[in-house]
Amino acid sequence: MLTECREYRERLIELARGAVAADERRALMAHVDVCAECAQALEGQLALSAALESMAAEGLPEMAAIEARVLAEFDRAAARRVSRWVLVAGLAAAVCLGVVWVERRREPVERPRVGVTTVAVQTAPASRPVSVVQRVRHKMARRQANEESQPFLEIPYTVPLAPEEQTTVVRMEIPVAALIAVGFSVPASDAGAVVEAEVLVSQDGRARAIRPISISASR
Amino acid sequence: MKISGTLARFERNSVERHMGEPERRPDRDLLRQFCDGDREAFTTLYRAHFPAVFRFAFYMTGDRIRAGEITQDVFVWLVHHPSEFDADRGDLPAFLGGVARKLVHRRQQNESRWRPLDDAALLPRDGRGGDRELVRGLERRQDVAELRQAIAALPERYREAVVLCDLQEKSYQQAARELGCALGTVRSRLHRARELLVRKFQGKKEGQKC
């Protein structure tokens, strides 16, 4: 084989693959016309390309069984993944419950506590805020106070509520004068004003604490 | 001229083969959904990529049963390692092709100790005369089956080049990326492989004549 032909051979392969531009193809064909060996080589490569093309065009076999096996594996993996998550979630829940249980055991027995609270009662239409400092002892009152924005204020000189005593909350309007009369310090300029408040009534029907909501001027 | 007429058949592939495939964007979404446990998404992915993976394995092994097993292994591997696919490093077909390559390689390494060495016909010969008969012979169906076996018997590096560039019609650039080698290396391997294949058939025809 001539050195020149050796160089042509590589390009003839590309020619047989259909990867050669028109100009170069003309040049290659001109060589093939005068070189019998290269013509044979090109023919062989073209035959190979034709066979490869036929091979690539072959249809795929029916592979339903493979698909079924692959999807079954997917289902198994998904089930394992879910059970792993359930296990992790279960462990996390167990840890959380353990922590809560330990914390609850550490917590002292809940008793009525003495609290100091500052409550601002807005006068209507616009007046100075009223500060009332009171002790609140009852657990229920304290819990409700946490839920609401203001705590219940114990009515002075009343018997403290028992720890688990049931109470009722009644909403009513109370004259400022009445509040002053039971011992609250209400520095309101209008003694005839009315305070809308929630009143905590004990089982014996007596008012034990109040939670002021708003105050309105005398009618 | 006869050769010019034959050439016209292959011209239509020249542009398509070298322009590169468009990125399959839906693959990323499907893969994400499949990672979240979406069976439908996985089935869609499987059906979209099964043909290419199977064909690759089939051309590499020359055996449908082995190809089916390798294809199954590729997708089972994907079920368990979806996070191994990095969309920034390439598209999913190339990734699955890489997995299939490794599995084919591993399987053939395991099997090689049991396979008789029958590559003598691949050795270079004095190439005079047989090509015209080859043209007629290769067009026959049984010769396609023989070609498949001949490809399966090629050394792996040559076989990969033929399968990727000629049978799966990937550009040299795509094949080089998948094989992790230079573009020129892929081209020279492919040329070598094609020469070996032509010589193998040439030798076969000469043997039949005798």
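Now for a look at the structure at hand.

**Comments concerning the overall build of chain A**
Helix and strand counts for chain A stand at 6 helices and 6 strands. Moving toward the C terminus, one meets the helices and strands of chain A in the order α-α-α-α-β-β-α-β-β-α-β-β.

**Structural notes on the overall build of chain B**
On a plain count of helices and strands, chain B comes out with 10 helices and 0 strands. The order of α-helices and β-strands along chain B, N terminus first, is α-α-α-α-α-α-α-α-α-α. Evaluated residue by residue, chain B yields a buried proportion of 36% over its 210 residues. Sequence-distant contacts in chain B: of pairs separated by 6 or more residues, those separated by 24 or more amount to 69%.

**Quick look at the sheet that holds strand β6 (residues 207–216) of chain A**
Sheets are built from strands paired through backbone hydrogen bonds, the pairs being either parallel or antiparallel. Residues and elements named next belong to chain A. Strand order in this open sheet of 4 strands is β3-β6-β5-β4, and the pairing throughout is antiparallel. At either margin of the open sheet sits one strand with a lone partner, and together these are β3 (153–154) and β4 (168–175). Alignment of β4 against strand β5 (residues 194–201), held across 8 bridges, turns out to be antiparallel. By the bridge assignment for β5, Glu173 is matched with Glu196.

**Focus on the interface of chain B and chain A**
Contact residues are listed per partner, giving 42 residues for chain B and 38 residues for chain A. Contributing elements (two or more residues each) for the side of chain B that touches chain A: α1 (2–19), α3 (39–61), α4 (64–80), α6 (131–138), α7 (141–153), α8 (156–167) and α10 (183–209) of chain B. For the side of chain B that touches chain A, the residue count by class is 18 nonpolar, 13 polar and 11 charged.

**Looking at the nonpolar core**
Judged by nonpolar contacts, the single largest core of 65 residues is most densely connected at Leu42(A), Ala57(B), Ala100(B), Ala161(B) and Val162(B). The dominant element in this core, judged by the number of residues it contributes, is α3(B), at 11 residues. Setting aside its immediate chain neighbours within four residues, Ala100(B) contacts Val53(B), Phe56(B), Ala57(B), Ile70(B) and Val74(B).

**Concerning the pairing of β6(A)**
All names here are of chain A. Inspection of the sheet shows β3 paired to β6 by 2 bridges, in the antiparallel sense. Its bridge partner lying in β6, Glu154 is registered against Ala209. As consecutive antiparallel partners, β5 and β6 are separated by 5 residues, and within that stretch Gly205 has a phi angle of approximately 85°, a positive value.

**What about unusual backbone geometry?**
Its identity is not glycine, yet Tyr157(A) carries a phi of approximately 65°, on the positive side. Tracing the chain through its elements places Tyr157(A) in the loop between β3 and β4. Overall, Tyr157(A) belongs to the exposed group, with 7 C-beta atoms counted inside 10 Å. Even without being glycine, Glu169(B) reaches a positive phi, approximately 55°. Tracing the backbone through its elements, the reader meets Glu169(B) in the loop between α8 and α9 (172–179).

**Looking at helix α2 (residues 22–34) of chain A**
With 13 residues, α2(A) extends 19 Å between its outermost C-alpha atoms, agreeing within 8% with the 18 Å of an ideal straight helix rising 1.5 Å per residue. Little of α2(A) sits out of view: just 1 of its 13 residues are buried.

Criteria and cut-off values
- Counting starts from 1 at the beginning of each chain's written sequence and moves along it residue by residue.
- Written order determines the labels here, with chains lettered from A and ligands numbered from 1.
- Reporting of local features is limited, given that this is a predicted model, to residues whose pLDDT is at least 70; pairs of side-chain atoms are given and counted only at 80 or more, and all residues count toward the totals for whole chains, interfaces and linings.
- In this text, helices come from DSSP runs of H or I with a minimum length of four residues, and strands from runs of E with a minimum of two, each type numbered from the N-terminal end.
- To assign burial, the other C-beta atoms lying within 10 Å of each residue's own C-beta are counted, with C-beta atoms placed from the backbone; 20 or more indicates buried, 12 or fewer indicates exposed, and intermediate counts indicate partly exposed.
- Remark: residues whose backbone-derived C-beta atoms lie within 7 Å of one another are considered to be in contact.
- Criterion used throughout: strands pair if DSSP finds at least two bridges between them.
- Gly is placed with the polar residues, together with every amino acid not listed as nonpolar (Ala, Val, Leu, Ile, Met, Phe, Trp, Tyr, Cys and Pro) or charged (Asp, Glu, Lys and Arg).
- By definition, a nonpolar core groups buried Ala, Val, Leu, Ile, Met, Phe, Trp, Tyr and Cys residues that connect through C-beta atoms lying within 7 Å of each other.
- Here the expected span of a helix is defined as 1.5 Å times the quantity of residues minus one.

Interpretation note: all reported values are geometric properties and have no functional meaning in isolation.
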